[in-house]
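Residue-level structure breakdown
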Amino acid sequence: MGRIHVYLVSCFSAIGGFLFGYDIGIMSSVLEMVDFMTLFQPDEWQKGFIVSSFQLGACLGALLASFAADFLGRRMAIGLGSLIFIGGAIFQTAAFNLAVLYTGRIISGVSIGVLSMIVPLYQSELAPKDIRGRLITLQQLAITFGILVSFWIGYGIIEDGMFNGWRLMMGLQIVPAFCLLTGVMFLPESPRWLLERKNDPVKARNSLIRVRGEEKSVEEELQEMQMGIDLEHSLGKGGWKHLFGRAMIYPLSIGILIQIFQQLTGINAIMYYAPSIFQSVTSSKGISNLAQGINGIINFLSTFPAIYFVDRMGRRKLLISGALGMAICFATVVGLFGVYSTVGASGEVNFTNITAGWCAIVFIYLFVVNFAYSWGPIGWILPAEIYPLQHRARAVSITTATNWLGNLLVAQFTPPLLKTIHYYVFLIFMGCLLLMTAYVWFWVPETKGKSLEEIETYFIERSKTSKRTKRNKKLEEAFTEPSNLGDQVALPRTSTLSDVQLGD
Ligand code: BGC
């Protein structure tokens, strides 16, 4: 029963994810709308910038978000993100020329950059350790729901031929953003932020009681948080400079690579451009848009298994099986295109065998399934849980910004690559997926079931020696066993603080 509160708070804050997803999905439909194209008459470059101005803004927003998260608190920063979003959505809805449209896209992007950084961070700081992965997965579920809703609204508007339907699509986003803005006033603040930044144990305790829904059992958790904070303060190293010190290199590299790899899976090549890929199988725009709508449903439904598995099987197994599954799907898609399609004089690819073409679409769907239960949610879970509190907001800002940068690169380069090397573009993503499998296998520790403070101690201990020494191996094994870390290495509660040196 106590858990219901934390689920409700996480679901509500995940509205930020819904807005994120809605904006990812919106453009593939809007760019197909005749009245939109007639009004703005964008050339190819301008078309690209209508999409990527949003990601540029998101990159910027993610970097700025750490200031808001640290100075205003997690809750108010979510409020600020939704307020900026409403401003951006108004500009987009009312746009009458490209300059206003770009401005709206950039403003909305900034807000989504802020929200995509803060919501998982906030969820991770409120979550009990045994369901942390599941709670952050709610953010991914909301993202996929947002994509699904925008695909289908777009499909309906295009089929109906509604005049100014694109304005309706842009304007509708204001409703959930307004709900988030008003609702955030009633959310509890992160107890970890209250302890660290405000040094206010009373408010932190009250906040934790609100989230847990009961008074008993919060004392031990608060004590653990306080010990983690004392440990960090004794080390006395916050600030941007120390973010790049030796102690942070390993966790920071994991967060950055996991986020950039999430984009290099090629998921957004599918989310943004699948309709044009589907047109190799069917020349009907209606059917290929419908196939994209189905893609949205599959993406959403396949995120549910992650809710169940991420805290049971752990992050590593899902990342590895997801990456291998996606690589196999892309290999099959390339094989089918290679054998059963031809490239026309103007560069268009057409399937000569319709059954093989539909098989390729099925394998694209299976690719999405493999992404949705693994790299989709875990791309956001890992960065939100592996940093010490004093660096957390800044580090998550950087990792989130790299996600948006990767998103931008994939959005920008996929169309020219599809035009020049056609379906072989999937081989590039396949190569990345194999690399990612090896990376996770060798470098990413399992974090399931560990408290944020235990994870922090692991990285501090590991930073004492940078090579893969026997000690690090032992540490990794101990960390992987449930609650074993405290017996094998010095946890804050058993160590003398002078034992733990960052030594950068
Ligand atoms: C990614 C987005 C992607 C979405 C697809 C998210 O985790 O960050 O870039 O479009 O998943 O579901």
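Overview of the structure. As the structure is a prediction and not an experimental result, all values here were calculated from the model.

Reading the values: rules and limits
Residues numbered from 1 in each chain as written. Predicted model: local features only at pLDDT ≥ 70, side-chain atom pairs only at ≥ 80, totals over all residues. Heavy atoms only, no water. Helix = DSSP H or I, 4+ residues; strand = E, 2+ residues; numbered from the N terminus. Buried < 20%, exposed > 50% of the residue type's maximum accessible area, 1.4 Å probe, protein only. Contact = heavy atoms within 4.5 Å. Areas by Shrake-Rupley, 256 points an atom, 1.4 Å probe, with all protein chains shown as cover. Lys, Arg positive; Asp, Glu negative; His and termini not counted. Charge placed at Lys NZ, Arg CZ, Asp CG, Glu CD. Axes fitted to C-alpha atoms, helices over the stretch in contact; angles between N-to-C directions. Parallel < 35°, antiparallel > 145°, perpendicular 65-115°, else oblique. Left-handed = near helix turned anticlockwise from the far one by under 90°. Nonpolar A, V, L, I, M, F, W, Y, C, P; charged D, E, K, R; others polar. Near = heavy atom within 4 Å. Polar contact = N/O pair within 3.5 Å; in protein donor to acceptor, adjacent residues only side chain to side chain. 1 Å grid on protein atoms, 1.4 Å probe; cavity = no way out; pocket = protein on both sides within 12 Å on 5 of 7 lines; lining within 4 Å. Sits in = over half its atoms within 2 Å of the grid points. Salt bridge = Lys/Arg side-chain N within 4 Å of Asp/Glu carboxyl O. Core = buried A, V, L, I, M, F, W, Y, C linked by side-chain atoms within 4.5 Å. Disulfide = S-S within 2.5 Å. Phe/Tyr/Trp six-rings, centres within 6.5 Å; stacked < 30°, edge-to-face > 60°. Lys NZ or Arg CZ within 6 Å of the ring centre and 35° of its normal. Points joined across faces, edges and corners; volume = space filled by probe spheres on them.

Describing the overall build of the protein chain
Of regular secondary structure, the protein chain possesses 25 helices and two strands. In terms of its C-alpha atoms, the protein chain occupies a principal-axis envelope of roughly 70 × 50 × 45 Å. Expressed as a percentage of its 504 residues, the buried residues of the protein chain come to 60%. In the protein chain, the proportion of contacts linking residues at least 24 apart, taken out of those at least 6 apart, comes to 82%. As displayed, the protein chain offers around 19400 Å² of accessible surface, 68% of which is attributable to carbon and sulfur atoms. Where the 39 positive side-chain charges of the protein chain centre and where its 35 negative ones centre are 4 Å apart.

Here we look at the packing of helix H2 (residues 15-30) against helix H9 (residues 174-183)
Following both chains from N to C, one finds H2 and H9 inclined at 155 degrees, their axes separated by 9 Å at the closest point. One way to sum up the angle between H2 and H9 is to call them roughly antiparallel. Crossing hand, H2 versus H9: left-handed. Between H2 and H9, the contacting residues are Ile-15, Gly-16, Phe-18 and Leu-19 on the first element and Pro-176, Ala-177, Cys-179 and Leu-180 on the second. Each residue belonging to the contact of H2 with H9 can be placed in one class, and the counts come to seven nonpolar, one polar and no charged.

Quick word on the site of the ligand
In the neighbourhood of the ligand, 14 residues make up the surrounding shell, with Gln-140, Gln-262, Asn-268, Asn-299 and Trp-380 lying closest. Within the side chain of Gln-140, one N or O atom sits 2.7 Å away from an oxygen atom of the ligand. One of the side-chain nitrogen or oxygen atoms of Gln-263 is found 3.0 Å away from an oxygen atom of the ligand. Contact with the protein chains covers 100% of the free accessible surface of the ligand, which is 310 Å². Counting atoms within 2 Å of the grid points, the majority share of the ligand lands in the largest cavity. Elements with a minimum of two residues in the shell around the ligand: H2, helix H7 (132-160), helix H14 (246-264), helix H20 (375-385) and helix H21 (389-420). Considering only residue class, the shell around the ligand consists of five nonpolar, nine polar and no charged.

Here we look at the pattern of salt bridges
Throughout the structure, instances matching the rule amount to 15 salt bridges. Among the salt bridges present, the one from Arg-105 reaches Asp-23, with a minimum N-O distance of 3.3 Å. Residue Arg-105 is located in helix H6 (residues 98-126), and its partner Asp-23 is located in helix H2; the two are separated by 82 residues in the primary sequence. Taking relative accessible area as the criterion, Arg-105 reaches 1% and is therefore assigned buried. For Glu-32, the salt bridge is made with Lys-285, and the minimal N-O distance between the two is 3.6 Å.

Things to note about the nonpolar core
Judged by nonpolar contacts, the single largest core of 142 residues is most densely connected at Phe-36, Ile-270, Trp-375 and Phe-426. The greatest single-element share of this core, amounting to 13 residues, is contributed by H6.

Here we look at the state of the cysteines
According to the stated counting rule, one finds zero disulfides in the structure shown. No disulfide involves Cys-432; its nearest neighbouring cysteine sulfur is the one of Cys-329, lying 16 Å away. With relative accessibility at 17%, the residue Cys-432 sits in the buried group.

Notes on the packing of aromatic side chains
Counted under the stated rule, the structure contains 25 aromatic pairs. Their ring planes at 50 degrees and their centres at 4.7 Å tell us that Phe-337 and Phe-351 sit as a pair that is tilted. Placement of Phe-337 in helix H18 (residues 315-340) and of Phe-351 in strand S2 (residues 349-351) is noted, with a sequence separation of 14 residues between them. Phe-351 carries the same exposure label as Phe-337, and that label is buried. Aromatic pair Phe-337 and Tyr-423: ring centres 5.0 Å apart, planes at 15 degrees, arrangement stacked. Here Phe-337 is found in helix H18, whereas its partner Tyr-423 is found in the loop between H21 and helix H22 (425-443), with 86 residues between them in sequence. Over the aromatic face of Tyr-308 sits the side chain of Arg-312, whose NZ or CZ is 3.9 Å from the ring centroid. In this arrangement the basic side chain of Arg-462 is found over the ring face of Tyr-250, its NZ or CZ atom lying 4.2 Å from the centre.

Quick look at the side chain of Glu-189
Within the fold, Glu-189 resides in the loop between H9 and helix H10 (191-196). Side-chain polar atoms of Glu-189 contact the backbone nitrogen of Arg-74, separated by 3.2 Å. Looking at Glu-189, its side chain comes within polar contact range of the main-chain nitrogen of Arg-75, at 3.4 Å.

Description of unusual backbone geometry
Peptide bonds are mostly trans, and most non-glycine residues show a negative phi. We note that Asn-164 has phi near 60 degrees; this positive angle belongs to a residue other than glycine. With respect to the helices and strands, Asn-164 occurs in the loop between H7 and helix H8 (165-172). Phi at Asn-199 takes a positive value of approximately 50 degrees, unusual for a residue other than glycine. Along the polypeptide, Asn-199 turns up in the loop between H10 and helix H11 (201-212).

Thoughts on the environment of Val-9
For Val-9, the location among the structural elements is in helix H1 (residues 3-13). What makes Val-9 buried here is its relative accessible area of 10%. Along the sequence, Val-9 and Gln-123 sit 114 residues apart, while their C-alpha atoms lie 8.3 Å from each other.

Examining the layout of surface pockets
Approximately 1200 Å³ is the volume attributed to the largest pocket. Considering the residues around the largest pocket, the lining is formed by 33 residues, among which Glu-44, Tyr-273, Ser-276, Pro-415 and Leu-418 are closest to the centre. Mapped onto the lining of the largest pocket, the elements with two or more residues apiece are H2, helix H4 (44-71), helix H15 (267-278), S2 and H21. Here the lining of the largest pocket is built from residues that sort into 16 nonpolar, 11 polar and six charged.

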